[in-house]
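Below are the chains, spelled out letter by letter.
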Amino acid sequence: MKESQALHLLRHLLINQQVSDVQLLTWLSMRMNQLLMYMWFYGKGDRTPLQSAKIFGPAKQLIAKEARNWNAPELIKVINQLTEAEKLLKGASIESRQMVLEQLTLNMISNV
C-alpha cells in the first residue's frame, strides 16, 4: 500500500473501474484496522496473530507482508485520517470526492 503507484491505482479504480468512493474508503478502513489488530496481537507475542485478529482468506498473506511497512503510530494516524476523509466524503467539504481520496492516498504514501 505504501507504493508510489498507489495514486495511479486510486485514479484507475475511481475513473476506469468506477468503484464507489465510499466503497473504496470502507475497504481501506477495514484493511488498516486489520493491520492494526494484527500488529497488536503480534506485538503481544501471540503465536497466531493472524488468526487472533480474525484475518482469513487471501488477506492473511497480504496483511503479514504489509505489516512490515507500517508501525502502530503510523496506522493510528492513518485511521484518524480515514475518519476525517469519511466526514469530507459525506458532505463536509467543498473539495471533490476524488480530491479527498487523492490527498488521503498521498498522506498514506508519505506518512504525513
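Throughout what follows, the structure given in this document is the object of discussion. Everything quoted here is computed from the prediction, not taken from an experiment.

Each value, and the rule that gives it
- Position numbers for residues count from 1 along each chain, tracking the sequence in the order it is written.
- Only residues with pLDDT of at least 70 get local features here, since the model is predicted, and only at 80 or more are side-chain atom pairs given and counted; chain-wide, interface and lining totals rely on the full set of residues.
- Computation of side-chain values: all heavy atoms of the structure, hydrogens and water removed.
- Labels follow the DSSP assignment, with helices taken as runs of H or I lasting at least four residues and strands as runs of E lasting at least two, numbered in each case from the N terminus.
- Expected span of a helix: the number of residues minus one, times 1.5 Å.
- Buried residues are those whose accessible area, probed at 1.4 Å on protein chains only, stays under 20% of the maximum for their type, while exposed residues exceed 50% and partly exposed ones sit between those limits.
- Pairs of N or O atoms are called polar contacts if they sit within 3.5 Å, as long as, within protein, a hydrogen donor faces a hydrogen acceptor (for residues adjacent in sequence, only side-chain-to-side-chain pairs).
- What counts as a salt bridge is simple: a side-chain nitrogen of Lys or Arg found within 4 Å of a carboxyl oxygen of Asp or Glu.
- Any Phe, Tyr or Trp ring, taking Trp's six-membered ring, that has another such ring centre within 6.5 Å forms a pair; planes under 30 degrees apart are called stacked, those over 60 apart edge-to-face, and the others tilted.
- Each nonpolar core is a collection of buried residues, namely Ala, Val, Leu, Ile, Met, Phe, Trp, Tyr and Cys, held together in the definition by side-chain atoms within 4.5 Å.
- By definition in these notes, contact holds between two residues if any of their heavy atoms fall within 4.5 Å.

1. Focus: helix 2 (residues 21–43)
In this model helix 2 runs 33 Å from its N-terminal to its C-terminal C-alpha over 23 residues, within 8% of the 33 Å that 1.5 Å per residue would give. Inspection of helix 2 places Asp21, Leu24, Leu25, Leu28, Arg31, Met32, Gln34, Leu35, Tyr38, Met39 and Phe41 among the buried residues, and these make up the whole buried set. At the N-terminal boundary of helix 2, the capping side chain belongs to Ser20, with an oxygen 3.3 Å from the backbone nitrogen of Val22.

2. So, the pattern of salt bridges
Tallied over the entire structure, the rule returns four salt bridges. Residues Arg97 and Asp21 are paired through a salt bridge, measuring 2.3 Å at the closest nitrogen-oxygen approach. With Arg97 in helix 6 (residues 97–110) and Asp21 in helix 2, this pair connects stretches of sequence that are 76 residues apart. By relative accessible area, Arg97 is classed as partly exposed at 39%. Under the relative-accessibility criterion, Asp21 is labelled buried at 12%.

3. So, the packing of aromatic side chains
Under the definition given, this model contains two aromatic pairs. Judged by centre distance (5.9 Å) and plane angle (25°), the rings of Tyr38 and Tyr42 are stacked. Note that Tyr38 and Tyr42 are positioned in helix 2 at a spacing of four residues, about one turn of the helix. A relative accessible area of 10% places Tyr38 in the buried class. Under the relative-accessibility criterion, Tyr42 is labelled exposed at 56%.

4. Notes on the nonpolar core
Counting residues in hydrophobic clusters, the biggest one holds 28 residues, and the most contacted among them are Met32, Trp70, Leu101 and Leu104. Elements represented by at least two residues in this core include exactly helix 1 (6–16), helix 2, helix 4 (59–66), helix 5 (72–92) and helix 6. Ranked by residues supplied to this core, first place goes to helix 2 with eight residues. For Leu104, the contacting residues outside a window of four places in its chain are Leu25, Leu28, Gln81, Leu82 and Ala85.

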